[in-house]
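# Working through the structure, step by step
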Amino acid sequence: MESLSTRHLTGIKNLTLQDVELILSTALQFKEIINRPIKKVPSLRDVTVANLFFENSTRTKLSFEIAEKRLSADIINFSSSGSSVSKGETLVDTANNILAMKVDMIVMRHPHPGAAIFLANQLKKYPKSAHAQIINAGDGTHEHPTQALLDAFSIQQSCGSITGKKVAIIGDIMHSRVALSNIYCLQKMGAEVCVCGPPTLIPKHISSLGVAVSHNLIETLLWCDVANMLRIQFERQQLKYFPSLREYALHFGLTKKKLDTLNKPITIMHPGPINRGVEITSDVADSGHSIILEQVENGVAVRMAVLYLLAGKHQS
Amino acid sequence: MNVAPMLNLILRRATILDNTSPYNGQTMDIWMEGDMIRKIGRDLPMPDGATEYTASGLHVSKGWIDMQCVIGEPGFESCETLQSASEAAIAGGFTTLCMLPVTHPRIDNRAQVEFIFRRNLSLPVHILPYGALTVQCEGKDMAELLDMADAGIRAFTDGKSSIENPKLLELILQYASQHDLLVVHHSDTPALTRQAQMHEGINSTALGLKGFPAIAEMMAVERDLHLLTYAGGRLHIPLVSSKETVETIRRAKASGQKVSCGVASQYLLFTDLALQTFDPMYKVNPPYRTDEDRMELIDGIADGTIDIICSDHTPVDDEHKIHELAHADFGITNLETAFATARTATSSYIDISTLIESLTSHPASLLGIQQPSIAEGQRADITLFQPDEPWQYNADSSHSLSHNSPFNGFLFTGKPLGVICKSKLHLS
């Protein structure tokens, strides 16, 4: 069996192109499986997965849970509210305590960049926890690798090959957990990437990653094959980065009227949850060009692939 | 650590690096008795009852002064005590430590100053406290600078808290100038650096981390220089980290402003690439910046823009350091490795004499410390070291109570051997 080059999935940046392609090709098989009448396979039987969510999440958590259940894993769920974390327990202690219950894999959502890499490095120092594998389910504004993989998978499904495709990531790049992973993943696969939004929501040095930067939505839409609309992350903004939602929607919101001026089809994506009427209007989100719900479906298949391949790595 | 009474000691074949000594640059025997240097010469006869010390490539200089370190006592004794800091200082070749007033309680009044001075009497090295600029280092009300000056304090700082109110800093500079007191003010523009974890640049972008923009430091320095021109007094900028700041201070010095500045040794070695694995041991304030910045810092030492090299020793216990980056405290322990770090980073660019001046005569001059020369009849306050000796640092053998060092296993060039201080020889 082909295997990944890494024991953990902490980000896209440290994956090889072969890793990404292996995950996506495996996801294709799992997508077929989850559309069968009997959706469950025994691949992760006797594997225990802990979903550690130190920050709110709905779709990512549900998606991982369903993926784990479809693979027959045993699951425990943990969220920081009401747990010992709120009493001051460290991340490493929390992880060690859970791993002492003979847990094999940790899926972790965390508010702070680098938390997954930090945890993976720390657990090496504890013999009873060193076996554990970490899957990053989003660490602040750093990476959200499974989202990027499911986005790439969805683009493949919708547009064919990613090589040479022009993908625009539009909106709140500064506070996004998905932008960096998407950039790394799409570039590895040969796509051109542009980020678009008001200058205050785009990191100053982002062009050093090899992406184009635009502050003009129409020009960006004319350029791209795929537009990935990001949510405004109000909860992460300590300041007002733009004057009003009205002004933001006028300049950077994707509307049917703007799409109609392009005279070309564009694939519309959104990692959710959507602020309808802000970054995207309902008539676009629900249109035939939108693959937003396909992304959600593909998320389960991609996460099954990641869990399956990492578990295989562990068993080997 | 070996401690012998320094009643009667002869150093054999020690190269003297002290530009105030008639023996500067010469390799000599040095006989010390009591706390005095009795005789310097070649092949001195063995004095009665003397012990002898030598090492290959042995160099001596005036005792090194660390102009910026944090010591946990009083208040944070689990991180560092005055005694453990003294032992770490000996291992690092320092005979004088200038401790920031960020203890608990803060050193912001005469009673706290006198507590440290009393404790200093029983310590193997000299520990001099800074007085706080403002009450509780909160940047609101001026502390009793003159009362602390009467107790013996010559320099004041709020540590790494910057005074945001320009009027308050202006008043402090004016007030301190009446006794020629040194105002040491950390350069930061807090509104630009809130929640920052590392240098803002290509690497912070790739890691998704909020960064310290270099302009936050430069803007603060420029503001403070304008206030210095307006108010008078003496200003020391303790930790410069960016190319732009070095250039700004270079221009200010050329125009005759009474400004000095320092750099911590680790900034001469590391860049922001060190944060690639989110290792909290590389989380420091100000942050490690780019290689271009690092090289400008070295140039700044070479051309005299940067006056002093310090350790910025900041002991942090594991409970506050071993965390995901956002929750980890800033700082590293560096008393034992400061010289070695600076020497390793600069040996190709800066001669050893310049490096030693940044650890001795320059800080002494800023702080008004009368350092004795290495000359007959002078008090012995000396550091022993090997400038070109390769060695490996083992954090397990550290004398500091905290272990937040990024240097475990690191191969250095340049090794401190010990100090002669307060009438005793203390070997590392």
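Model, not experiment: these values are computed from the prediction. (Residues numbered from 1 in each chain as written. Chains lettered and ligands numbered in written order. Predicted model: local features only at pLDDT ≥ 70, side-chain atom pairs only at ≥ 80, totals over all residues. Heavy atoms only, no water.)

### Focus: the domain arrangement of chain A
Residues and elements named next belong to chain A. Just so we agree on the cut-off: Residue ranges labeled as domains rest on an automatic or database domain assignment. Note on contacts: a residue pair qualifies if any of its non-hydrogen atoms lie within 4.5 Å across the two residues. Take the accessible area each of two parts loses on contact, using a 1.4 Å probe, and add the two losses: that sum is the buried area. We count a salt bridge whenever a side-chain nitrogen from Lys or Arg sits within 4 Å of a carboxyl oxygen from Asp or Glu. N or O atoms within 3.5 Å of each other form a polar contact, as long as, within protein, one can give a hydrogen and the other can take it, and as long as residues adjacent in sequence are counted only when both atoms are side-chain atoms. Counting from the N terminus, the helices are DSSP H or I runs at least four residues long and the strands are E runs at least two residues long. When residues are sorted by character, Ala, Val, Leu, Ile, Met, Phe, Trp, Tyr, Cys and Pro go into the nonpolar class, Asp, Glu, Lys and Arg into the charged class, and all the rest, Gly among them, into the polar class.
You can read the domains of chain A as domain 1 (2-144 + 297-310) and domain 2 (145-291). Computed over C-alpha atoms only, the centres of domain 1 and domain 2 are separated by 26 Å. Counting residues at the interface gives 32 residues for domain 1, matched by 26 residues for domain 2. Here domain 1 meets domain 2 over a buried area of about 2400 Å², counting both sides, of which 66% is carbon and sulfur. For the domain 1 face of the interface with domain 2, the top three residues by lost area are Ile12, Leu24 and His144, together amounting to 28%. Seen at the junction of domain 1 and domain 2, the total is 1 salt bridge. Ionic pairing is found between Arg177 and Glu55, a salt bridge with its closest N-O pair at 2.8 Å. The tally of links between domain 1 and domain 2 comes to 12 residue pairs in polar contact (both at pLDDT 80 or more). Broken down by secondary-structure element, the contributors of at least two residues to the side of domain 1 that touches domain 2 are helix 1 (17-34), helix 2 (59-70), strand 3 (105-110), strand 4 (133-139) and helix 11 (292-315). In terms of residue count, the dominant contributor to the side of domain 1 that touches domain 2 is helix 1 (7 residues). Of the residues assigned to the side of domain 1 that touches domain 2, the class counts are 13 nonpolar, 12 polar and 7 charged.

### Regarding the sheet that holds strand 11 (residues 182-184) of chain B
What holds strands together in a sheet is hydrogen bonding between their backbones, with the strands either parallel or antiparallel. Residue and element names in this part refer to chain B. Our working definition: Any two strands with at least two DSSP bridges between them are considered paired. In this description, a line fitted to the C-alpha atoms serves as the axis of each element, helices being fitted only across the stretch in contact, and the angle between N-to-C directions of two axes falls anywhere from 0 to 180 degrees.
Judged by pairing direction, the sheet is parallel, and its 5 strands sit side by side in the order 10-11-14-15-16 without closing on themselves. The outermost strands of the open sheet, each flanked by one partner alone, are strand 10 (155-157) and strand 16 (308-310). Going across the sheet, the axis of each strand differs from the next one's by a mean of 25 degrees, ignoring polarity. Relative to strand 16, strand 15 (residues 259-264) runs parallel, the two being bridged by 3 bridges. Within strand 16, the position partnered with Val263 by the bridge is Ile309. Running at roughly 170 degrees to strand 14 (residues 234-237), helix 7 (residues 214-231) makes contact with strand 14 and strand 15 of the sheet.

### Here's the deal with the pattern of salt bridges
Where side chains of opposite charge bring their charged atoms close, a pairing between them can arise. Residue and element names in this part refer to chain B. Note the following rule: Working definition: with a 1.4 Å probe on protein chains only, accessible area under 20% of the residue-type maximum means buried, over 50% means exposed, and in between means partly exposed.
Applying the stated criterion across every chain yields a total of 25 salt bridges over all chains. Of the charged contacts, one joins Asp224 and Arg223 as a salt bridge, the two residues approaching to 3.0 Å between their closest N and O atoms. For Arg223, a relative accessible area of 24% puts it in the partly exposed group. Taking the shortest distance from any N to any O, the salt bridge between Arg250 and Glu296 comes out at 2.9 Å. Taken together, the residues span a long stretch of sequence, with Arg250 in helix 8 (residues 243-254) and Glu296 in helix 9 (residues 291-302) at a distance of 46 residues. By relative accessible area, Arg250 is classed as partly exposed at 27%. Note on Glu296: relative accessible area 11%, which makes it buried. Connected through shared salt-bridge partners, Arg12, Asp29 and Glu52 make up one network.

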